[in-house]
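Tertiary structure, described
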Amino acid sequence: MQQFETDPQPSSFTYHLGLIHRHELLLRKTTKSFKKATTGNREHCPTVSRPLAYSLPVTLVFAAMKALQSTCLLLLFVPLIKPAPPTQQDSRMTYDYGTDDFEETLFSQDFEDKYLDGKNIKEKETIIPEKKSLQLQRDERVTPPPLKKENDEMPTCLLCVCLSGSVYCEEVDIDAVPPLPKESAYLYARFNKIKKLTAKDFADIPNLRRLDFTGNLIEDIEDGTFSKLSLLEELTLAENQLLKLPVLPPKLTLFNAKYNKIKSRGIKANTFKKLNHLSFLYLDHNALESVPLNLPESLRVIHLQFNNITSITDDTFCKANDTRYIRDRIEEIRLEGNPIVLGKHPNSFICLKRLPVGSYF
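Note that the structure is predicted; figures quoted are calculated from it, not measured. Numbers given for residues are sequential positions, taken from 1 along each chain in its written order. For a predicted model such as this one, the threshold for reporting local features is a pLDDT of at least 70, and the threshold for listing and counting side-chain atom pairs is 80 or more; totals across whole chains, interfaces and linings nevertheless cover every residue. For the side-chain quantities, the full set of heavy atoms in the structure was used; hydrogens and water were omitted.

1. A look at the nonpolar core
- We define a nonpolar core as any set of buried Ala, Val, Leu, Ile, Met, Phe, Trp, Tyr and Cys residues linked to one another through side-chain atoms lying within 4.5 Å. Only protein chains enter the accessibility calculation, which uses a 1.4 Å probe. A residue is then buried if its area is under 20% of the maximum for its type, exposed if over 50%, and partly exposed in between. Counting 54 residues, the largest nonpolar core has Leu-211, Phe-213, Phe-255, Phe-272, Leu-283 and Phe-317 as its most contacted members.
- Any two residues whose heavy atoms approach within 4.5 Å are treated as being in contact. Not counting chain neighbours up to four residues away, the residues in contact with Leu-211 comprise Leu-187, Phe-202, Phe-226, Leu-229, Leu-232, Glu-234, Leu-235 and Thr-236.

2. Considering the sheet that holds strand β7 (residues 210-212)
- For two strands to be treated as a pair, DSSP must find at least two bridges joining them. Numbering of helices and strands runs from the N terminus; a helix is a DSSP stretch of H or I covering at least four residues, while a strand is a stretch of E covering at least two. Ordered in space as β3-β4-β5-β7-β9-β10-β11-β12-β13, the nine strands form an open sheet in which the pairing is mixed. This sheet does not close on itself; its edge strands, each paired only once, are β3 (161-163) and β13 (332-334). Neighbour-to-neighbour, the strand axes of the sheet open up by a mean angle of 5 degrees, direction not taken into account.
- Bridge count between strand β10 (residues 254-256) and strand β11 (residues 280-282): three bridges; the pairing is parallel. Every angle, taken between N-to-C directions, lies between 0 and 180 degrees, and every axis is a line fitted to C-alpha atoms, over only the stretch in contact when it is a helix.

3. Focus: the state of the cysteines
- The criterion for a disulfide is a pair of cysteine sulfur atoms lying within 2.5 Å. Following the criterion strictly, the structure yields three disulfides and no others.
- The disulfide bridge from Cys-318 ends at Cys-351, spanning 1.7 Å between sulfur atoms. As the torsion about the S-S bond is roughly -85 degrees, the Cys-318-Cys-351 disulfide counts as left-handed. Here Cys-318 is found in the loop between β12 (301-303) and β13, whereas its partner Cys-351 is found in the segment after β13, with 33 residues between them in sequence.
- Judged by its relative accessible area of 6%, Cys-318 falls in the buried class.

4. Focus on a nonpolar patch on the surface
- Residues form patches when they are more than 30% accessible in relative terms and have no salt bridge. Like charges link within 9 Å. Nonpolar side chains (Val, Leu, Ile, Met, Phe, Trp, Tyr) link within 5 Å. Values of accessible area rely on a 1.4 Å probe in the Shrake-Rupley scheme; residue burial ignores everything except the protein chains shown. Here, a salt bridge means any side-chain nitrogen of Lys or Arg that lies within 4 Å of a carboxyl oxygen of Asp or Glu. Together, Val-161, Leu-163 and Tyr-168 make up an exposed nonpolar region whose accessible area comes to about 260 Å².
- Here Val-161 is to be found in strand β3.

5. Topic: the pattern of salt bridges
- Inspection of every chain in the model, using the stated rule, returns seven salt bridges.
- In this structure, Lys-196 and Glu-222 form a salt bridge, with 3.7 Å as the shortest nitrogen-oxygen distance. Of this pair, Lys-196 sits in strand β6 (residues 196-197) while Glu-222 sits in the loop between β8 (220-221) and β9 (234-236), and the two are 26 residues apart along the sequence.
- The exposure class assigned to Lys-196 is partly exposed, which follows from its relative accessible area of 40%.
- The exposure class of Glu-222 is partly exposed, given its relative accessible area of 30%.
- Salt-bridge contacts for Arg-210 lead to Glu-234; the nearest nitrogen and oxygen are separated by 2.9 Å. Pair noted here: Arg-210 is in strand β7 and Glu-234 is in strand β9, with a separation of 24 residues, a long-range link.
- Put simply, Glu-170, Arg-190 and Asp-212 are held in one network by salt bridges that share partners.

Written out as structure tokens, the structure is:
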């Protein structure tokens, strides 16, 4: 076994040089045999005829020419063949050329290098996520998550239906007004179990235009509940347990409080006076003893049927001191189902284009 500490792969030039040396020896042997055939064969072999003596050297000449031709071709291709580049290995390593362990040592070394490189890469990849996770943990410690509000425990849009500013909370058995999105404009909370309305229910929702609480159990409405709803146009409180009316917003166009227990003393004298946009007033099926005072000029429909109205004056719908006054906007007044006899009060309707619906006899 021979050991070399130079190039790990044997040079191809040494191999080709040995091959050329072998062909040179073969050529010398052929030339010697050729000389013997041309000179000494005639003396030692007198029985050989001249043509046979000349034909034997000719074959040897052709053999020599073929050997020279192969040698020349090898010499031409030797410069074109480039030795394989040496592998990047440590110069201190030794290689065994004479045994079969040479390939095994190369394979094992290559495997160890690749394995170590792969191991280093994996170690880098595993270290980086650990740093990120530590950084995230530090960030979480520094900035704790915001505390949840009480109103965010049950989002309204999971319990109800929210569609482009409209919230539908019908027949969901809620007993209070749910927290609404700030952009809400219409709330339909019909047929539930709501008993009270407070100012906090609508404090942060100034864009409301319509509220419908039909079919609830509302008994009380705090003062100022609708004071901040400057855009509210329609308010429906029908089929509840109301005994009195709250202060109403100024831009209201429709107010519906039918099928309650409202009495005349539960309506203040100026409740409807400043509602200059009110067109529809529904107070039927209550316990009123008289027609509410100071009804606005903007009214078109007044429903007061099925109450306990027993009296009416000349100033209820008209102006007693102004016989020329005409209330031309009113289209319908309903007073049927009341104890009053309308025929006994002819001067109470002289300003109207149409007589109220009710009993005249």
